Each structure stands twice: as structure tokens, then as C-alpha cells.
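Each chain, written out:
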Amino acid sequence: MIRLSSFLGLMCLAWEGLVSTVAMGCSSCGSGASDPIILFPNENYKLYLGSSIQERIRNIDTNGNVHGTSGIDSKVVNTISGAIRLMGSQASLSLTANTMENRSKDQHRSGLGDPLLALRYNIVNQSFERPEIPQVQYLLSHKFASGDSIHGSSNSEMLDIFTSGFDETAMGFDIWFGMWPVKFGTTLQYSYTHADFKSGRNLDPGDRWTWISTVGSVYENKFKLITGAIVNKYGDLKEYGDLINNSDRYDRSWFLTFETLSLATANIRLNMVQQGLWDSKNSTNSINYTIAVMKGFL
């Protein structure tokens, strides 16, 4: 398990002497709030294996107050993702799947998460001759609701909940200024949540806007260190089309990511996300650590 002190120590060491060389990545890459994998220009295929632990899980009520949970204490997520370039074009397609284990003090439950199919398309490419022009990617994804949700839960501590239970289609843009000594960018994404019948009721959990703001740098094409903020804003829950009062949700988070870029065997990513830091509502407060291994192929 990665602890906060050792994680931050590694980040501080990596930050010393950072300078800019080759731009690799995007604004949402490594944030933990989007698809976990992206193809670099010299890659046609890529494989991602990751494992994360979510700790200190607490609930945030409608007034922004933080409360302890009566059941789940921590969550372990194991993720596998693969990406392929589409016919040598500017587009890439990835498929992500995961397994989850919810833990409380006395018991645990394991299950499958929702698979995610994601498309990235480079509308504008970066160039050393024109560093003021950013990389612009179009994002399109769909999450298939297949795991167990709260609407079918039978566990007294709700440890058998692994997904929201609703299909979700997302689209947006990723803008990344990667040719500057200090790299920065932003991502804006709209997620449409498909209404469905749950427990005999027609429910719509509300659509979501996601904004990711990222800043960081690359050291001699060997590794990168980025940090940023993630903001999620959900609409109100609807039952048979009628709004449920005080059901809207806000979530503000902060992340820090270290990633190697040119190891011969495989590259490593370390990510930390502090969720529900400020001005959050009907959400979750937690800290999440992820370690991942990625391998690209020509």
C-alpha cells in the first residue's frame, strides 16, 4: 500500500530540475478522471495494468458536511485497459475493464465494474515550429452499466455496490499546451446519463459536467510530473421526470501524477487523488492511490 509520506517524497524528488523536452500526454492523462490510457505518436497499441486503493471514505451531505460511513472503509480496484490506433490515423480506441473489492471492518465483497469504450481523435497536432498552438483532442466514450448497483443491494453494509447502475455517454475536448517549458491544459466533458427503471421506478441520476485543469513538466523525455484540479457537477436526480429537491451533486478534487516515459520494458504511473476537498455536496471524501504499468507497441 502506498502511503502519503512516501508518495509525496517521491513526487518532490522528481520535481527537482524539471525542464521541457518532448511533449507527451494530454490534459486529462493521468488525472484519474478519464480513460486511463493514451497512445503516444510512435505507438500503435498500448496495454495498461493498474491497481488502486481508496481509503478514508466519508460521505458529504447536502450542506457540505463530512460524515463517516456505516459500512465501506476502503475499496481496491484492479484495472486493465488496451488501446489501438485506428488505421494509422489520428484516432485511437480503448477498452477498459476492472474488478472491485469493497471492504469494511468485518467483511468484504468483490465484483465487476462497468466497462468503458473510449475514442480519442486529434483535431489539432502540436508542432515545435508553432508551440503556441495546442494539441486538441475530441473525446467520445460510453460506459456500459453491467455491475451491481445500489438498486439491487442486499448487503447490510452495502458492500455489494460496484457501479451507479446507469449507462453513460460522454463527449468533450482536451486542450494541451505541451511545447512549453511548463505544460498546461484543460479538459471539458459532458456526460449524458441514460435513465432506466430501477426497483420499479423510472430514475434519471442527472447528467454531469467534468472540468480538468492540469499543469506540469517533462524531464528530458524520461518522466513527467503533473498536478491539477478536477471538478464534477451533476444535475438533479429525477423520478418519472420530476426533480428531487437537493439531489444535485458537486465534487471537487486534486490530483498529483508521476509517470515515466521511455523505459525499455514498460512505463510506470503513480497517481494520488484527494476527492471532495472543498465546496462539495452529496458526494464522497476520500484519498486514492494508484500504481500502473503501461507498455506501448509500434
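Structural notes, computed from the coordinates.

Conventions we followed
- Residues numbered from 1 in each chain as written.
- Predicted model: local features only at pLDDT ≥ 70, side-chain atom pairs only at ≥ 80, totals over all residues.
- Heavy atoms only, no water.
- Disulfide = S-S within 2.5 Å.
- Buried < 20%, exposed > 50% of the residue type's maximum accessible area, 1.4 Å probe, protein only.
- Pairing = 2+ DSSP bridges.
- Helix = DSSP H or I, 4+ residues; strand = E, 2+ residues; numbered from the N terminus.
- Salt bridge = Lys/Arg side-chain N within 4 Å of Asp/Glu carboxyl O.
- Contact = heavy atoms within 4.5 Å.

Observations regarding the state of the cysteines
- Evaluation of the coordinates by the stated rule reveals 1 disulfide.
- Across the disulfide from Cys-26 sits Cys-29; the S-S distance is 1.9 Å. One disulfide, between Cys-26 and Cys-29, carries an S-S torsion of 100 degrees and so falls in the right-handed class. Side by side, Cys-26 and Cys-29 carry an identical accessibility label, which is buried.

Looking at the sheet that holds strand 15 (residues 242-243)
- If you trace the 4 strands from one edge of the open sheet to the other, you get 10-11-14-15, paired in antiparallel fashion. Of all the strands in the sheet, just strand 10 (196-198) and strand 15 have a single pairing partner and so form its edges.
- Bridge count between strand 11 (residues 201-204) and strand 14 (residues 238-239): 2 bridges; the pairing is antiparallel. The residue of strand 14 that forms the bridge with Asp-204 is Lys-238.

Comments concerning the pairing of strand 5 (residues 108-112)
- The pairing of strand 4 (residues 91-103) with strand 5 spans 5 bridges and is classified as antiparallel. Within strand 5, the position partnered with Arg-103 by the bridge is His-108.
- Between strand 4 and strand 5, which pair antiparallel in sequence order, lie 4 residues.

Points about the pattern of salt bridges
- If you walk through the whole model with that rule in mind, you get 10 salt bridges.
- Here Lys-222 makes a salt bridge to Glu-220, at a shortest N to O gap of 3.6 Å.
- Judged by its relative accessible area of 39%, Glu-220 is partly exposed.
- Where Lys-224 meets Glu-259, a salt bridge forms, and the shortest distance between an N and an O atom there is 4.0 Å. Of this pair, Lys-224 sits in strand 13 (residues 223-234) while Glu-259 sits in strand 16 (residues 249-260), and the two are 35 residues apart along the sequence. Of the two residues, Lys-224 and Glu-259, both sit in the buried class.
- The network of salt bridges with shared partners includes Lys-224, Glu-259 and Arg-269.

Some details on the environment of Lys-46
- Its location among the elements puts Lys-46 in strand 1 (residues 45-60).
- According to the relative accessible area criterion, Lys-46 is buried, its value standing at 7%.
- A C-alpha to C-alpha distance of 25 Å links Lys-46 and Gly-228, two positions 182 residues apart in sequence.
- Sequence-distant contacts of Lys-46, defined by excluding residues within four places in its chain, comprise Ile-37, Ile-38, Leu-39, Phe-40, Ser-81, Gly-82, Ala-83, Met-294, Lys-295 and Gly-296.

Focus: the pairing of strand 8 (residues 168-177)
- Pairing analysis gives 9 bridges linking strand 7 (residues 135-143) to strand 8, with the strands arranged antiparallel. Paired with Gln-137 across the strands is Asp-174, a residue of strand 8.
- Bridge count between strand 8 and strand 9 (residues 183-193): 10 bridges; the pairing is antiparallel. Across the sheet, Met-171 pairs through a bridge with Tyr-190, a residue of strand 9.
- The hairpin formed by strand 8 and strand 9 contains 5 residues between the paired strands.

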